[in-house]
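# A structural walkthrough
One letter stands for each residue in the lines below.
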Amino acid sequence: GRTYGWSGMMQERQAASCLIAYKQKILAQGIPEITVEERNFEVGIPESNLVYFSDSIFDPENIDTIQEDSVNNYRRLLRTFREFHVDSKFDVFLEALKRILNENTSSKVLVFSYFRATNDYLHQHLQENGIPNLAIHGGIPVGERNSIIDRFRNSLTERVLITSDVGAEGLDFQFCDTLFNYDLPWNPMKVEQRIGRIDRFGQESPVVRIYNLVLKNTIEDRILYRLYDRIN
């Protein structure tokens, strides 16, 4: 349907990152809105440069019809989401994570997701599945974040840290040997920045494992092939 080009893409990314978390967000607020942080997420495009994508030339005088169509689309989406409980992406992630933690009792795992709703969802559902974990994001003060990282580094039981991209900014996690990209950014340098948190000087594991989770037939397919294309 007719929607903002860039913000529509962000909604697609959120839904592909974690559909259940996206469902909860929509049910909580009705028609979803994107935050300033999300709108400017990797490239800082000013709102004045956002363009409309439509199946016809955009006519500002037709905005009421477009808004009405959007509201009706979201109402249909809400009805669908209320009946939706499947999360195959989390199931695959959980199976791989359990295998890693069971194979080596000293392994520690870093899990990246761009979206805070996804991070909150992963934190809660790992706990419910018997996997103690910690989480950091940009809403946590820096001092508290550092305390959580120190706790993660020294803990024998909390072997998983879930983080937004604040964990990719100059922090050293060479004591971890496994990294999950629960969702991928468009920029390959951001992927390399994440990997560089564990694949670095001081890493003692002979093997560093990187898992990229991609949901087929979603925008994540486009992101994955875009990354391959940009790094040749």
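What this report covers is the structure whose coordinates are included nearby. Owing to the predicted nature of the structure, the values given are computational and were not obtained by experimental measurement.

With that settled, the discussion passes to the sheet that holds strand β4 (residues 134-136). Pairing between the strands of a sheet is mediated by backbone hydrogen bonds and can be parallel or antiparallel. The strand order across the open sheet formed by 5 strands is β4-β5-β3-β6-β7, and the pairing between neighbours is parallel. On the outer flanks of this sheet lie β4 and β7 (209-212), each paired with one strand and no other. The average angle at which neighbouring strand axes cross in this sheet is 15°, direction not considered. Where strand β3 (residues 109-112) lies against strand β5 (residues 160-163), 4 bridges are found, and the strand directions are parallel. Residue pairing in the sheet places L110 in a bridge with L161 of β5.

The alternating pattern of strand β6 (residues 178-181) places T178 and F180 and L179 and N181 on opposite faces, both of which are buried. Where β3 lies against β6, 4 bridges are found, and the strand directions are parallel. Its bridge partner being in β6, V111 is matched across the sheet by F180. Pairing analysis gives 4 bridges linking β6 to β7, with the strands arranged parallel. Bridged to T178 within β7 is R209.

Attention now moves to the packing of aromatic side chains. Here the structure, examined in full by the defined rule, presents 8 aromatic pairs. Seen in terms of ring centroids, Y114 and F115 are 5.0 Å apart; in terms of plane orientation they differ by 90°. Their pairing is edge-to-face. A relative accessible area of 14% places Y114 in the buried class. Three or more aromatic residues joined by ring pairs make a cluster, and in this case those are F90, F93, Y121, F180, Y182 and Y211. If you follow R13 out to its NZ or CZ, it ends over the ring of Y114, 5.4 Å from the centre. Taking the ring centre of F152 as reference, the NZ or CZ of K108 above it sits at 5.2 Å.

Rules and cut-offs
- Residues numbered from 1 in each chain as written.
- Predicted model: local features only at pLDDT ≥ 70, side-chain atom pairs only at ≥ 80, totals over all residues.
- Heavy atoms only, no water.
- Pairing = 2+ DSSP bridges.
- Helix = DSSP H or I, 4+ residues; strand = E, 2+ residues; numbered from the N terminus.
- Axes fitted to C-alpha atoms, helices over the stretch in contact; angles between N-to-C directions.
- Buried < 20%, exposed > 50% of the residue type's maximum accessible area, 1.4 Å probe, protein only.
- Phe/Tyr/Trp six-rings, centres within 6.5 Å; stacked < 30°, edge-to-face > 60°.
- Lys NZ or Arg CZ within 6 Å of the ring centre and 35° of its normal.

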